[in-house]
Amino acid sequence: NAGVTQTPKFQVLKTGQSMTLQCAQDMNHEYMSWYRQDPGMGLRLIHYSVGAGITDQGEVPNGYNVSRSTTEDFPLRLLSAAPSQTSVYFCASSYPRDGNEQFFGPGTRLTVL
Amino acid sequence: LAKTTQPISMDSYEGQEVNITCSHNNIATNDYITWYQQFPSQGPRFIIQGYKTKVTNEVASLFIPADRKSSTLSLPRVSLSDTAVYYCLVGDLMIYNQGGKLIFGQGTELSVKP
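S.K.: Help me understand the pattern of salt bridges in this model?
M.R.: Two side chains carrying opposite charge are able to pair once their charged atoms lie near each other. Residues and elements named next belong to chain A. Applying the stated criterion across every chain, the model contains 3 salt bridges over all chains. Note that Arg36 and Asp38 form a salt bridge whose closest N and O atoms lie 2.9 Å from each other. Of the two residues, Arg36 and Asp38, both sit in the buried class. Ionic pairing is found between Arg44 and Asp38, a salt bridge with its closest N-O pair at 2.6 Å. For Asp38, a relative accessible area of 15% puts it in the buried group.

Put into structure tokens, the structure is as follows:
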């Protein structure tokens, strides 16, 4: 199994540009989530999904959209990038019936100029 | 969601036992206590989870008193490779259909010295 994969690894955007961060998992996990981590800080929950077709907001959802059309994929869309969105983005997945263990991807480092 | 409070940083030496305490005064009845480890430039990794009393696995032990308002992660005989940030979380993803989610706090930066 590849686990949780994220693309791209690095991205530089200009203010106002849009882009999609990709996240995929091959473990048939129902639960997927997106976090952002700013330098020296903990992770903050952006959006999460409890299954295909179902998404909900986390702590810091503004400026981001998500969709979950399949169990495997959970893309995160930045509608109009701002410098405040410069961060490292982590995607995670889990099988909640097993408890609170989430499997994290390697992260996408995003810089908005 | 219950908020957690942990020390911002801790120092230790190789071979010592390290105990990191987390306070979660508003923990809900269905919440589990979970600890994650994060190395620089990597995503967090699950270490251990418990509901009450003591849980032990090959990596760590988790001590939870009867009132569940705090918990202690114990790392036996740490090595340099245990230098990382450790996060305490409370929540219950098993009720994900009722809004269960996990919120990370600031974490404890553990530095292990030779």
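That shown, we press on.
S.K.: Help me out: how do you make sense of the sheet that holds strand 5 (residues 53–56) of chain B in this one?
M.R.: Hydrogen bonds between backbone atoms are what pair the strands of a sheet, whose relative direction is either parallel or antiparallel. Residues and elements named next belong to chain B. What the 4 strands build is an open sheet, ordered 2-7-6-5; its pairing is antiparallel. Each of the sheet's edge strands pairs with one partner strand only, and the pair in question is strand 2 (18–23) and strand 5. Neighbour-to-neighbour, the strand axes of this sheet turn through a mean angle of 15°, independent of strand direction. Across 3 bridges, strand 6 (residues 61–64) lies against strand 7 (residues 70–75) in antiparallel orientation. Among the inter-strand pairings, Leu62 is bridged to a residue of strand 7, identified as Leu73.

S.K.: Would you mind showing me how to read the interface of chain B and chain A here?
M.R.: Interface size is commonly expressed as the accessible surface area that is lost when the partners come together. Between chain B and chain A, the contact holds 25 residues from the first and 23 residues from the second. Buried area between chain B and chain A, both sides added, is near 2,000 Å², and the carbon and sulfur share of it is 55%. The interface formed by chain B and chain A contains 0 salt bridges. Where chain B meets chain A, there are 7 residue pairs in polar contact (both at pLDDT 80 or more). Looking at the side of chain B that touches chain A, the elements with two or more residues in it are strand 3 (32–38), strand 4 (45–50) and strand 8 (84–91) of chain B. Here the side of chain B that touches chain A gets 4 residues from one element, more than from any other, and that element is strand 3 of chain B. Across the side of chain B that touches chain A, the residue classes tally to 11 nonpolar, 12 polar and 2 charged.

What counts as what
- Residues numbered from 1 in each chain as written.
- Chains lettered and ligands numbered in written order.
- Predicted model: local features only at pLDDT ≥ 70, side-chain atom pairs only at ≥ 80, totals over all residues.
- Heavy atoms only, no water.
- Salt bridge = Lys/Arg side-chain N within 4 Å of Asp/Glu carboxyl O.
- Buried < 20%, exposed > 50% of the residue type's maximum accessible area, 1.4 Å probe, protein only.
- Pairing = 2+ DSSP bridges.
- Helix = DSSP H or I, 4+ residues; strand = E, 2+ residues; numbered from the N terminus.
- Axes fitted to C-alpha atoms, helices over the stretch in contact; angles between N-to-C directions.
- Contact = heavy atoms within 4.5 Å.
- Buried area = accessible area lost by both parts, 1.4 Å probe.
- Polar contact = N/O pair within 3.5 Å; in protein donor to acceptor, adjacent residues only side chain to side chain.
- Nonpolar A, V, L, I, M, F, W, Y, C, P; charged D, E, K, R; others polar.

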